[in-house]
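A closer look at the structure
The chain contents come next:
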Amino acid sequence: SACVFGVAHTRHLYVEDSKETESLNREIWEEPAGMVNIRPKVRNFREKTRPNAVLDQTARKKATMEAYLAEKAREQELMDELVKGNRIVLRDLKEVNPFVRKTLLTWIAKSMTHPERKGKTENGMLFQLQKMSDKNILLRAEDGDLVMPDFCLVFEEMMEAAR
């Protein structure tokens, strides 16, 4: 019948409807028809939508922004607590949380790509990576321990926001 009606390359369609009966003696023609929505195959096809009113989301945006800024301030406080005398000596750190570990590793990776082992934090602080000794240290974090070289991050006194 596909050749007669011109549909030689059909795809199998499956309609998920509940059956009225499980009888093997019932013919497929006796079952009610199922509906399949077919969309055009053009690239720019979009379903028609009705224009909706623009909802005022300023309160939700403000609350989200305040939560984000509070989280960033808390993260900055965590990093500021690690700096003692313009330096962070990794072997002297107690157990750190995953955010601090990721931030320290990001800073180390940034400075490792620079020829003078210098880098800049997200806040504009310039630092230099120094190797304290040839020994490896154990950086303890809440989510595991990391064996790494004995590094120290030395921060410059001035903030360089103009750069």
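Residues numbered from 1 in each chain as written. Predicted model: local features only at pLDDT ≥ 70, side-chain atom pairs only at ≥ 80, totals over all residues. Heavy atoms only, no water.

Let's shift gears to the packing of aromatic side chains. Counted under the stated rule, the structure contains 3 aromatic pairs. Centroid distance W107 to F127: 5.9 Å. Interplanar angle 35°. Geometry classified as tilted. Taken together, the positions of W107 in helix α3 (residues 98–113) and F127 in strand β3 (residues 125–141) put the pair 20 residues apart, joining distant regions of the chain. Accessibility assignment for this pair places W107 and F127 in one class, buried. Considering the side-chain rings of F127 and F155, the 5.8 Å spacing of their centres and the 55° angle between planes classify their relative orientation as tilted. Taken together, the residues span a long stretch of sequence, with F127 in strand β3 and F155 in strand β4 (residues 144–159) at a distance of 28 residues. (Phe/Tyr/Trp six-rings, centres within 6.5 Å; stacked < 30°, edge-to-face > 60°. Helix = DSSP H or I, 4+ residues; strand = E, 2+ residues; numbered from the N terminus. Buried < 20%, exposed > 50% of the residue type's maximum accessible area, 1.4 Å probe, protein only.)

What follows covers the layout of surface pockets. When its volume is computed, the second largest pocket comes out at roughly 350 Å³. What lines the second largest pocket is a set of 19 residues, and nearest its centre among them are Q76, M79, W107, E122 and N123. Ranked by residue count, the leading element in the lining of the second largest pocket is helix α2 (residues 58–82), at 5 residues. Its residues assigned to classes, the lining of the second largest pocket comprises 7 nonpolar, 6 polar and 6 charged. (1 Å grid on protein atoms, 1.4 Å probe; cavity = no way out; pocket = protein on both sides within 12 Å on 5 of 7 lines; lining within 4 Å. Points joined across faces, edges and corners; volume = space filled by probe spheres on them. Nonpolar A, V, L, I, M, F, W, Y, C, P; charged D, E, K, R; others polar.)

Turning our eyes to something else, we now look at the confidence of the model for the chain. If pLDDT is low for a region, its predicted coordinates should not be looked at in detail. Per-residue pLDDT for the chain has a mean of 84; in total, 87% of the residues score no lower than 70. Model confidence for the chain, summarised as mean pLDDT per element, is weakest for helix α1 (residues 2–5) at 64 and strongest for α2 at 93. In the predicted structure, residues 158–163 sits below a pLDDT of 50 and forms 7 contacts with residues beyond four places in sequence or in another chain. (pLDDT = per-residue confidence, 0-100. Contact = heavy atoms within 4.5 Å.)

This brings us to the pattern of salt bridges. In a structure, side chains of opposite charge can pair up when their charged atoms sit close to one another. Considering all chains together, one arrives at 7 salt bridges under this definition. A salt bridge links D145 to R140, with the nearest nitrogen and oxygen atoms 3.0 Å apart. (Salt bridge = Lys/Arg side-chain N within 4 Å of Asp/Glu carboxyl O.)

What follows covers unusual backbone geometry. In this structure, N86 is a non-glycine residue whose phi angle is positive, near 60°. Note that N86 resides in the loop between α2 and β1 (87–89). Among the residues examined, N86 registers a relative accessible area of 26% and is labelled partly exposed. Even without glycine at this site, R117 takes up a positive phi of about 60°. Tracing the backbone through its elements, the reader meets R117 in the loop between α3 and β2 (118–120).

In a regular helix each residue adds 1.5 Å, so 25 residues correspond to 36 Å; α2 covers 36 Å between its end C-alpha atoms and thus fits that length. Here α2 has its buried residues at E75, M79 and L82. Buried residues belonging to α2 abut β1 and α3. (Expected span 1.5 Å × (residues − 1).)

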